[in-house]
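# Reading the structure
Spelled out, the chains give:
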Amino acid sequence: MESNIRNFCIIAHIDHGKSTLADRMLEVTKTVEARLMREQFLDMHPLERERGITIKMQPVRMKYSNESGSEYILNLIDTPGHIDFNYEVSRALAAVEGAVLLVDATQGVEAQTLSNVELARTLKLAIIPVVNKIDLPQARVAETKAEIRNLLGVEDEEILAVSAKTGEGVERLLEEIIKKIPPPEFGARDAKLSGGGPVAQTRALIFDYEYSTHRGVIAHVRIFDGEIKKGSKLKLAASGEIFTVGEIGIFKPALSVSDSLGAGEIGYVVTNIKEAKIVRVGDTILNASSQREALPGYKEIKPVVFSSVYPEDQDKFEDLKRALERLKLVDSALFFEEESSGVLGRGFRCGFLGMLHLEIVVARLERDFKVETIATTPSVKYKIITRKGEIEIYSPHRFPDESEIKEIMEPWLKIEILLPPDKLAGVIKLLNEHEVEVGDTSRFSDTRLKVEGKMPLRELMRDFFDELKSVSSGYASLNYEQDDMRKADLSRLDILVAEEAVPAFARIVPRRRLETEAEAVVEKLYHILPKALFALKIQAKAGGRILASRTIKAASKDVTQHMYGGDRTRKMKLWKKQKEGKKRLSAEADYDIPPDTYLKLMKK
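What this report covers is the structure whose coordinates are included nearby. Computed from a predicted structure; not experimentally measured.

## Quick word on the sheet that holds strand 1 (residues 5–11)
Strand order across the open sheet formed by 6 strands is 2-3-1-4-5-6, with mixed pairing between neighbours. Both edges of this open sheet fall to strand 2 (58–65) and strand 6 (160–161), since each of them pairs with a single strand only. As defined by bridge partners, strand 4 (residues 98–104) adjoins strand 5 (residues 126–132) across 7 bridges and the pair is classed as parallel. Across the sheet, the residue bridging to leucine 101 is proline 129, located in strand 5. Those strands touched by helix 1 (residues 18–28) are strand 1, strand 2, strand 3 (71–78) and strand 4, and its axis lies near 150° from that of strand 1.

So this is what it looks like as structure tokens:
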């Protein structure tokens, strides 16, 4: 049975047709009835279909009979393409033996493709290169094959050509998957190792999970050794938690109950564990009495972008907490902890894998859980050495006073950019503006250059990706990975409204850009803050100095409109009284900043 199993995933840059190819495979293998078929079938969340991107991996089991009549089980894991969800790709690759590398014939090899290939090579997976969208008139099939040839060192005849839209070449691809992707290899499963049967040797890798209110954590697993049946007593290697299997099954792609899961298979296990934090992605499931070592798991997921999320209505704080807890059950990369702000009240400090991840989470909170939120300006984690010791900070308002700081360390990234040669001058200028240390520039293919470099993570968040797409007319692609920590010359910029510092507006900026940033923020707030009954002063302050200031005039009322004729001194007396009243009001009154101001300030 095991020799008829093929486990694989589809990897590609965003928008190269992964989900569409998966649709055609489901149709060819008749896994989904024609009447139930829809576009992007494996993209289960409405946000995925609306944006045309895959956010979460989705496994599915297909049965396929080849030309000789043999029946094969094909376990496919559809993966996201955007770099923010690269951790999903790494989890999928660790659970399979092969990968279909899909490249858009109109775009060619892009930066994220390089990253995915390196990941697959590290895990020693069989890679099947495929050129997609050959039906389009602008398809550059020959040039794209040349780029793949340079990347993988394969011959032209080894590169398949398909159209995921029309289905052309998909059956041949399925045949190649059977031929080139090896069946699962098994570790020592026999009874000699432990004196027991195959069940005593069970090892399964958790590559994902979901949560059910009634059944607890449902682990998505790849069985490497042994067998799992309903009622089996198993344990989690990391936590030592012992549980009894409530149900097992496969993905069709909906959960479908089966009698057992054997070595080499991919399926789900209902654990009945109600505490989600006990189950970790990358953990190994073992027999309850087993002393075997855990399988190599995944590196710890570390958030790189941080933002505070508050409910617009403080009465909804508990709703926001429940929403984040439930979202964490389906998104293991989300990090959050409770915090409070004098201005915004109680909320959560959240960690994300990137700006798109932040955007998706906020959208899901509002759409799936009906919680309207305020997200503060995103920031990164800084390591600061002060006179009292070393601290790590995420929030700009927790940045210590300059007199206390000895040294600031910030995270840097390694970046790779693929671009046409005629766009190089504009891109280099942009890189200089964002403090990029440009490294090697090499010819990737006849129509593409590869630029390598290093840059601060905070600069990537300063609309770098959008500006790169703009300056290259959409032709440049970016890939990045974490590098080391470096010294930084940074300062905290405080924003004062009505002479009160607003923590949510604070930001950490390079000292060389302090004045420019101060003027820009003050000017923007000047145009988006509503008027008050008193003159409203907006100031930007750093290092004990006011760097920029604007005043919004008080909302005026004509207090003399009821007066007709008479001596002017009567009107002057009323105006003086009004002026004194406004002065007294500005000294005593609180100014409430509308919630949508925070969102408007974040937007360009």
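## Thoughts on the nonpolar core
Ile415, Ile417 and Phe464 are the most contacted members of the largest nonpolar core, which has 47 residues in total. If you tally residues by element for this core, the top one is strand 23 (residues 405–419), at 6 residues. Every residue in contact with isoleucine 417, bar those within four places of it in the chain, is listed here: Val427, Leu431, Leu449, Lys450, Val451, Phe464, Leu468, Ala476, Ser477 and Leu478. By size, the runner-up hydrophobic cluster in this structure holds 31 residues, among which are Leu114, Leu125, Leu152 and Leu418.

## Re the pairing of strand 1
Across the 7 residues that make up strand 1, a large majority, 7, are buried. Burial along strand 1 is two-sided: Ile5, Asn7, Cys9 and Ile11 and Arg6, Phe8 and Ile10, pointing in opposite directions, are all buried. Note: strand 1 against strand 4, 4 bridges, orientation parallel. Across the sheet, cysteine 9 pairs through a bridge with alanine 99, a residue of strand 4.

## Side note on the pattern of salt bridges
Side-chain pairs of opposite charge can arise where the charged atoms are in close proximity. By the definition in use, this model includes 35 salt bridges. Across the salt bridge formed by arginine 486 and aspartate 484, the nearest N and O atoms sit 3.9 Å from each other. Given the relative accessible area of 38%, aspartate 484 is considered partly exposed. One salt bridge in this structure joins arginine 550 and glutamate 523, with 2.6 Å as the shortest N-O distance. Here arginine 550 is found in strand 31 (residues 545–552), whereas its partner glutamate 523 is found in helix 12 (residues 514–528), with 27 residues between them in sequence. With relative accessibility at 28%, the residue arginine 550 sits in the partly exposed group. On the basis of relative accessibility, which here comes to 32%, the residue glutamate 523 falls in the partly exposed class. Counted as one network, the salt bridges with shared partners bring together Glu410, Glu435, Arg458, Glu459, Arg462, Arg507, Arg512, Arg513 and Glu517.

Reading the values: rules and limits
Residues numbered from 1 in each chain as written. Predicted model: local features only at pLDDT ≥ 70, side-chain atom pairs only at ≥ 80, totals over all residues. Heavy atoms only, no water. Pairing = 2+ DSSP bridges. Helix = DSSP H or I, 4+ residues; strand = E, 2+ residues; numbered from the N terminus. Contact = heavy atoms within 4.5 Å. Axes fitted to C-alpha atoms, helices over the stretch in contact; angles between N-to-C directions. Core = buried A, V, L, I, M, F, W, Y, C linked by side-chain atoms within 4.5 Å. Buried < 20%, exposed > 50% of the residue type's maximum accessible area, 1.4 Å probe, protein only. Salt bridge = Lys/Arg side-chain N within 4 Å of Asp/Glu carboxyl O.

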